[in-house]
Amino acid sequence: GKPRLDMIRAWLDLTTPGIFVSLFVLYFGMTALLTVVTFCRPLARKTQTLSGVVAPFFNSVAILFALLTGFLASDVGDRNRQAYRTVQAEAGEIHNIYTLSIAAVSDMRTIRDALKAYVNSVVSEEWPAMADGHLSPHTGAVYDDLLKEVSAPSIAKASGNAVHAALLNATIRLGTARNDRLALSADHTNDLKWITVILLGLFTQAAIALVHMERR
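Rules used in this analysis
- Residues numbered from 1 in each chain as written.
- Predicted model: local features only at pLDDT ≥ 70, side-chain atom pairs only at ≥ 80, totals over all residues.
- Heavy atoms only, no water.
- Helix = DSSP H or I, 4+ residues; strand = E, 2+ residues; numbered from the N terminus.
- Buried < 20%, exposed > 50% of the residue type's maximum accessible area, 1.4 Å probe, protein only.
- Contact = heavy atoms within 4.5 Å.
- Areas by Shrake-Rupley, 256 points an atom, 1.4 Å probe, with all protein chains shown as cover.
- Expected span 1.5 Å × (residues − 1).
- Patch = residues over 30% accessible without salt bridge, like charges linked within 9 Å, V, L, I, M, F, W, Y side chains within 5 Å.
- Salt bridge = Lys/Arg side-chain N within 4 Å of Asp/Glu carboxyl O.
- Lys, Arg positive; Asp, Glu negative; His and termini not counted.
- Charge placed at Lys NZ, Arg CZ, Asp CG, Glu CD.
- Axes fitted to C-alpha atoms, helices over the stretch in contact; angles between N-to-C directions.
- Parallel < 35°, antiparallel > 145°, perpendicular 65-115°, else oblique.
- Left-handed = near helix turned anticlockwise from the far one by under 90°.
- Nonpolar A, V, L, I, M, F, W, Y, C, P; charged D, E, K, R; others polar.
- Phe/Tyr/Trp six-rings, centres within 6.5 Å; stacked < 30°, edge-to-face > 60°.
- Lys NZ or Arg CZ within 6 Å of the ring centre and 35° of its normal.
- Core = buried A, V, L, I, M, F, W, Y, C linked by side-chain atoms within 4.5 Å.

Moving on: the overall build of the chain. Within the chain one finds 9 helices and 0 strands. Each helix (α) and strand (β) of the chain, taken in turn from the N terminus, gives the series α-α-α-α-α-α-α-α-α. Burial status across the chain gives 31% buried among its 216 residues. When contacts within the chain are restricted to residue pairs at least 6 apart in sequence, long-range pairs at least 24 apart make up 77% of them. When the accessible surface of the chain is split by element, carbon and sulfur atoms take 67% of a total near 13,200 Å².

In structure tokens:
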């Protein structure tokens, strides 16, 4: 549910030492709990009835844990690269539009004003909204205003078709990069994968305890 996903996001937002400390507490806490359940009264006698589980049971859970951890690590790295490329592409197109508006013969102050409004809206509104998995409707409206300014036929007459086409293409690519950024931020499948990996780690500990139940 959403509270669990929010908890995972809060955990991932911790510093690196904070993440390792929380994992240390979780897994060593699980070890302590299994020790109490297995060897301390009044649960020890009932728990010992579960003895006799064969070693391959542990192997199957551990293999699933290792495989999913590897897949998740690869997926996280790939998504980070995608996010970096997307943000850099958006920033590059903003720079292209600004540079073309400066280099053009005609006065394109209105385009630069619309571009500035878009950048301000992305930074102050859309990035905070993305943290909650949402987009900013106002940013979308500001982008539409920018596209309308760039699409004005007067630009081709004053600065030439080549400049107008370059501005239009850069603005369209800017919108595509924004859509890619929003799609990446709205995809929370990795949160579910993190929950699955953490649970499989706990199950692996439980499987080890079951396999070694007779070793007291």
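Inspection of the secondary structure puts Thr-86 in helix α4 (residues 55-103). If we skip the residues at most four places from it in the chain, Thr-86 touches Ala-177, Asp-180, Arg-181 and Leu-184.

Further remarks concern helix α9 (residues 189-211). For α9, which comprises 23 residues, the first-to-last C-alpha distance of 33 Å matches the rise-based estimate of 33 Å (1.5 Å per residue) to within 8%. Listed in full, the buried residues belonging to α9 are Asn-190, Asp-191, Ile-195, Val-197, Ile-198, Leu-200, Gly-201, Leu-202, Thr-204, Gln-205, Ala-207 and Ala-209.

This next bit is on a negative patch on the surface. A contiguous patch of negative charge, built from Asp-113, Asp-144, Asp-145 and Glu-149, is present on the exposed surface. When residues of the negative patch are assigned to their parent elements, the largest contribution, 3 residues, is made by helix α6 (residues 137-150). Checked against the element boundaries, Asp-145 lands in helix α6.

To continue, consider the packing of helix α5 (residues 109-130) against α6. Across the interface, α5 lies against α6 with an axial gap of 9 Å and an inter-helix angle of 165 degrees. Considered as vectors, α5 and α6 are oriented roughly antiparallel to each other. Viewed along their axes, α5 and α6 form a crossing whose handedness is left-handed. Here Thr-110, Ile-111, Ala-114, Leu-115, Ala-117, Tyr-118, Ser-121, Val-122, Glu-125 and Glu-126 of α5 lie close against α6, whose contacting residues are His-138, Thr-139, Val-142, Tyr-143, Leu-146, Glu-149 and Val-150. Residues belonging to the contact of α5 with α6 are distributed by class as follows: 10 nonpolar, 4 polar and 3 charged.

Considering the arrangement of structural elements, one finds Leu-72 in helix α4. Counting along the chain gives 125 residues from Leu-72 to Val-197, while the straight-line C-alpha distance between them is 8.3 Å. If we skip the residues at most four places from it in the chain, Leu-72 touches Asn-190, Lys-193, Trp-194 and Val-197.

Moving on: the packing of aromatic side chains. Taken as a whole, this structure holds 2 aromatic pairs when the rule is applied. Positioned over the ring face of Trp-127 is Arg-181, at 5.5 Å from the centre of the ring.

Here the focus is the environment of Ser-22. Secondary-structure assignment places Ser-22 in helix α2 (residues 16-39). Taking the C-alpha atoms as reference points, Ser-22 and Trp-11, separated by 11 residues in sequence, lie 8.4 Å from one another. Among residues more than four places away in sequence, those in contact with Ser-22 are Trp-11 and Leu-14.

By size, the foremost hydrophobic cluster in this structure holds 16 residues, and its most contacted members are Ile-97, Met-108, Ile-111, Tyr-118, Leu-146, Leu-167 and Leu-174. Elements with a contribution of two residues or more to this core: α5, α6 and α8 (161-186). Ranked by residue count, the leading element in this core is α5, at 5 residues. Leave out the neighbours within four places in its chain, and Leu-167 touches Ile-97, Leu-100, Ser-101, Met-108, Ile-111, Val-150 and Ile-155.

This paragraph deals with the packing of α6 against α8. Their axes nearest at 9 Å, the elements α6 and α8 cross at an angle of 165 degrees. Here α6 lies roughly antiparallel to α8, going by the angle between them. Seen from above, α6 lies across α8 with left-handed handedness. The segment α6 lies against α8, with Thr-139, Gly-140, Tyr-143, Leu-146, Leu-147 and Val-150 engaging His-164, Leu-167, Leu-168, Thr-171, Ile-172, Leu-174, Gly-175 and Arg-178. Split into classes, the residues belonging to the contact of α6 with α8 amount to 8 nonpolar, 5 polar and 1 charged.

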